[in-house]
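# Topology and contacts: notes
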Amino acid sequence: GENVEQHPSTLSVQEGDSAVIKCTYSDSASNYFPWYKQELGKRPQLIIDIRSNVGEKKDQRIAVTLNKTAKHFSLHITETQPEDSAVYFCAANSGGSNYKLTFGKGTLLTVNP
Amino acid sequence: NAGVTQTPKFQVLKTGQSMTLQCAQDMNHEYMSWYRQDPGMGLRLIHYSVGAGITDQGEVPNGYNVSRSTTEDFPLRLLSAAPSQTSVYFCASSRSESEQFFGPGTRLTVL
């Protein structure tokens, strides 16, 4: 089955700096890679996703890049703000089905004012 | 729309007891899933359903049963609770080829 590795497990940055979280996956058939943000005590919420037919996607301060050859994808957050502090999860689908996701173990991002 | 709802929010069980975690969605989504979240482990898929009457196992299905008699509801049954099933349980739903929407979660403690 799919295996998703996520690094780092914790990340601390100063407000205004950039943050990068990296994930690798094992299933070459994976073609959908979402990123979820989970604030303390809340449910995970999708912040951005990318499909295998594109290499990069941006949404304001958030961007995701995908390297299918190397089987890795990354989340980039620029101009970080204290409200970006949360746990971020990457995921990859299995067998080409969006509903069967394998998640990384998460990255706790702390943005210090 | 209420989105994805889960009940109860909190539950304490004794080892060996059984219970059902409820999940409902009002978005007419075909796909529904159950995940468990443990510290440092991310979200792990327990069972999923691609439509009424169709269910399948995920990564960690042992000790759990599911059924899907309607599009809206996807209950998760713990047959004989064990301390290893102490976790936060999330239900999620999605349309084909789109994002998964998560419910608020159920925090379960098994003593």
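This section reports on the structure supplied with the text. (Residues numbered from 1 in each chain as written. Chains lettered and ligands numbered in written order. Predicted model: local features only at pLDDT ≥ 70, side-chain atom pairs only at ≥ 80, totals over all residues. Heavy atoms only, no water.)

### Structural notes on the sheet that holds strand 8 (residues 72–77) of chain A
Residue and element names in this part refer to chain A. Under the convention used in this document: Pairing between two strands is assigned when DSSP locates at least 2 bridges connecting them. A helix here means a DSSP run of H or I that spans at least four residues, while a strand means a run of E at least two residues long, and both kinds are numbered starting from the N terminus. In this analysis, axes come from line fits to C-alpha atoms, helices being fitted only over the stretch in contact, and the angle between any two N-to-C directions falls in the range 0 to 180 degrees.
Spatially, the five strands line up as an open sheet ordered 1-3-8-7-6, and their pairing is antiparallel. Edge positions in the sheet fall to strand 1 (4–7) and strand 6 (56–59), since each has one partner strand and no second. The average angle at which neighbouring strand axes cross in this sheet is 15°, direction not considered. Two elements, strand 7 (residues 62–67) and strand 8, share six bridges in a ladder whose sense is antiparallel. The residue bridging I62 from the neighbouring strand is I77, located in strand 8.

### Brief notes about the state of the cysteines
Rules: Cysteine sulfur pairs qualify as disulfides if the two atoms are within 2.5 Å. Per-residue accessibility, obtained with a 1.4 Å probe over protein chains only, is compared with the maximum for each type, and a residue is labelled buried under 20%, exposed over 50%, and partly exposed between these values.
Counting across every chain of the model gives two disulfides over all chains. The disulfide bridge from C23 of chain A ends at C90 of chain A, spanning 1.9 Å between sulfur atoms. One quick way to see it: the torsion about the S-S bond of C23 of chain A and C90 of chain A is about -100°, and its sign makes the bridge left-handed. Taken together, the residues C23 of chain A in strand 3 (residues 19–25) and C90 of chain A in strand 9 (residues 86–94) connect sequence positions 67 residues apart. Each member of the pair, C23 of chain A as well as C90 of chain A, carries the same accessibility label: buried. Covalently, C23 of chain B is tied to C91 of chain B through a disulfide, its sulfur atoms 1.9 Å apart. In this structure the cystine formed by C23 of chain B and C91 of chain B twists about its S-S bond by roughly -70°; its chirality is therefore left-handed. Highlighted residues: C23 of chain B in strand 3 (residues 19–25) and C91 of chain B in strand 9 (residues 87–94), separated in sequence by 68 residues. Both residues of the pair, C23 of chain B and C91 of chain B, belong to the buried class.

### Some thoughts on unusual backbone geometry
Cis geometry marks the peptide bond from H7 of chain A to P8 of chain A, where omega comes out at -5°. One can find P8 of chain A in the loop between strand 1 and strand 2 (10–14). With an omega of -5°, the peptide bond running from T7 of chain B to P8 of chain B counts as cis. One can find P8 of chain B in the loop between strand 1 (4–7) and strand 2 (10–13).

### Regarding the side chain of D84 of chain A
Residue and element names in this part refer to chain A. Note the threshold: Whether two residues are in contact is decided by their heavy atoms, any of which lying within 4.5 Å being enough.
Its location among the elements puts D84 in the loop between strand 8 and strand 9. The exposure class assigned to D84 is buried, which follows from its relative accessible area of 7%. Leaving out residues up to four positions away in the same chain, D84 has contacts with K37, R61, I77, E79, L109 and V111.

### Brief notes about the pattern of salt bridges
Selection criterion: For this analysis, a salt bridge means a side-chain nitrogen from Lys or Arg found within 4 Å of a carboxyl oxygen belonging to Asp or Glu.
Under the definition given, this model contains five salt bridges over all chains. In this structure, E39 of chain A and K37 of chain A form a salt bridge, with 3.6 Å as the shortest nitrogen-oxygen distance. Where D84 of chain A meets R61 of chain A, a salt bridge forms, and the shortest distance between an N and an O atom there is 2.9 Å. In this pair, D84 of chain A is assigned in the loop between strand 8 and strand 9 and R61 of chain A in the loop between strand 6 and strand 7, connecting sequence segments 23 residues apart. On the basis of relative accessible area, R61 of chain A is assigned to the partly exposed category, the value being 22%. Connected through salt bridges with shared partners, the residues R36, D38 and R44 of chain B form a single ionic network.

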